[in-house]
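Residue-level structural notes
These are the residues of each chain, in order.
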Amino acid sequence: QVRLVESGGGLVQAGGSLRLSCGASVRITRIMRMDWHRQAPGKQRELVASITSGGSTNYADAVKGRFTVSRDNAKNTIYLQMNSLKPEDTAVYYCAIGVDYWGQGTQVTVSS
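Secondary structure summary: the protein contains zero helices and eleven strands in total. Ordered by position from the N terminus, the helices and strands of the protein form the series β-β-β-β-β-β-β-β-β-β-β. Relative to the globule expectation of 13 Å for 112 residues, the C-alpha radius of gyration of the protein, 13 Å, shows essentially globular dimensions. Each of the three principal axes of the protein carries a C-alpha extent, and together these read 40 × 25 × 20 Å. Burial analysis of the protein (112 residues in total) assigns 41% to the buried set. Total accessible area computed for the protein in this model is approximately 6100 Å², and 46% of it derives from carbon and sulfur atoms.

Quick look at the structure:
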């Protein structure tokens, strides 16, 4: 069974940075793609960033140039480095594998 556990969320001022981590209970080298999503209050969940097993990355337009997704295969962990944070980045952030496996989420709150 696949288990994903996020950590690293918190409260930060606008312009600040946070790094989220997502640890997997399986070897992530076997996973073609892992995603970071977020859901803000009253809004639909949205895909923020993706990273493939080969290291290719994709980002939502809203976070390009500010967020960086990376992976550490030895630790079975992916990361989301978030810089120049804005109040509109406030959301619960989830890592996921496809649509079937999700973490519990970690809250990110950016104050203005």
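There's more to say after this.
Within soluble globular proteins, side chains that are nonpolar tend to cluster in buried spots. By size, the foremost hydrophobic cluster in this structure holds 27 residues, and its most contacted members are Met34, Trp36, Phe67, Ile78, Leu80, Met82 and Tyr93. Apart from the residues lying within four places of it in its own chain, the contact partners of Phe67 are Arg38, Val48, Tyr59, Leu80, Gln81, Met82, Asn83, Leu85, Asp89 and Tyr93.

The phi angle at Asn76 is positive, at roughly 50 degrees, despite the residue not being glycine. Considering the arrangement of structural elements, one finds Asn76 in the loop between strand 7 (67-72) and strand 8 (77-82). Using a relative accessible area of 19% as the deciding quantity, one classes Asn76 as buried. Positive phi, close to 50 degrees, is recorded for Ser84, a residue that is not glycine. When you line up the elements, Ser84 lands in the loop between strand 8 and strand 9 (91-97).

Next up on the list: the packing of aromatic side chains. Under the definition given, this model contains one aromatic pair. Taken together, a centroid distance of 6.3 Å and an interplanar angle of 80 degrees make the contact between Tyr94 and Trp102 edge-to-face. Here the guanidinium or amino end of Arg45 rests over the ring plane of Trp102, the centre of that ring lying 4.5 Å away.

What follows is about the sheet that holds strand 1 (residues 4-7). Remark on secondary structure: sheet strands pair via backbone hydrogen bonds, oriented parallel or antiparallel. Spatial ordering of the open sheet is given by 1-3-8-7, a layout of four strands whose pairing is antiparallel. With one partner strand each, in any of the chains shown, strand 1 and strand 7 form the two edges of the open sheet. Across the sheet, the axes of successive neighbouring strands diverge by a mean angle of 15 degrees, strand direction being ignored. With four bridges joining them, strand 1 and strand 3 (residues 18-24) adopt antiparallel strand pairing.

On to the pairing of strand 9, then. With six of its seven residues buried, strand 9 lies for the most part within the structure. Of the pairings in the sheet, the one linking strand 9 to strand 11 (residues 106-111) comprises three bridges and is antiparallel in character. The residue of strand 11 that forms the bridge with Tyr93 is Thr106. Two elements, strand 9 and strand 10 (residues 101-102), share two bridges in a ladder whose sense is antiparallel. Bridged to Ile97 within strand 10 is Tyr101. The antiparallel hairpin formed by strand 9 and strand 10 contains three residues in its connecting segment, where Gly98 sits at a positive phi of about 60 degrees.

Here is what the cut-offs are and how they apply
- Residues numbered from 1 in each chain as written.
- Predicted model: local features only at pLDDT ≥ 70, side-chain atom pairs only at ≥ 80, totals over all residues.
- Heavy atoms only, no water.
- Helix = DSSP H or I, 4+ residues; strand = E, 2+ residues; numbered from the N terminus.
- Rg over C-alpha atoms; globule rule 2.2 N^0.38 Å.
- Buried < 20%, exposed > 50% of the residue type's maximum accessible area, 1.4 Å probe, protein only.
- Areas by Shrake-Rupley, 256 points an atom, 1.4 Å probe, with all protein chains shown as cover.
- Core = buried A, V, L, I, M, F, W, Y, C linked by side-chain atoms within 4.5 Å.
- Contact = heavy atoms within 4.5 Å.
- Phe/Tyr/Trp six-rings, centres within 6.5 Å; stacked < 30°, edge-to-face > 60°.
- Lys NZ or Arg CZ within 6 Å of the ring centre and 35° of its normal.
- Pairing = 2+ DSSP bridges.
- Axes fitted to C-alpha atoms, helices over the stretch in contact; angles between N-to-C directions.

That's the geometry; what it means functionally is another story.
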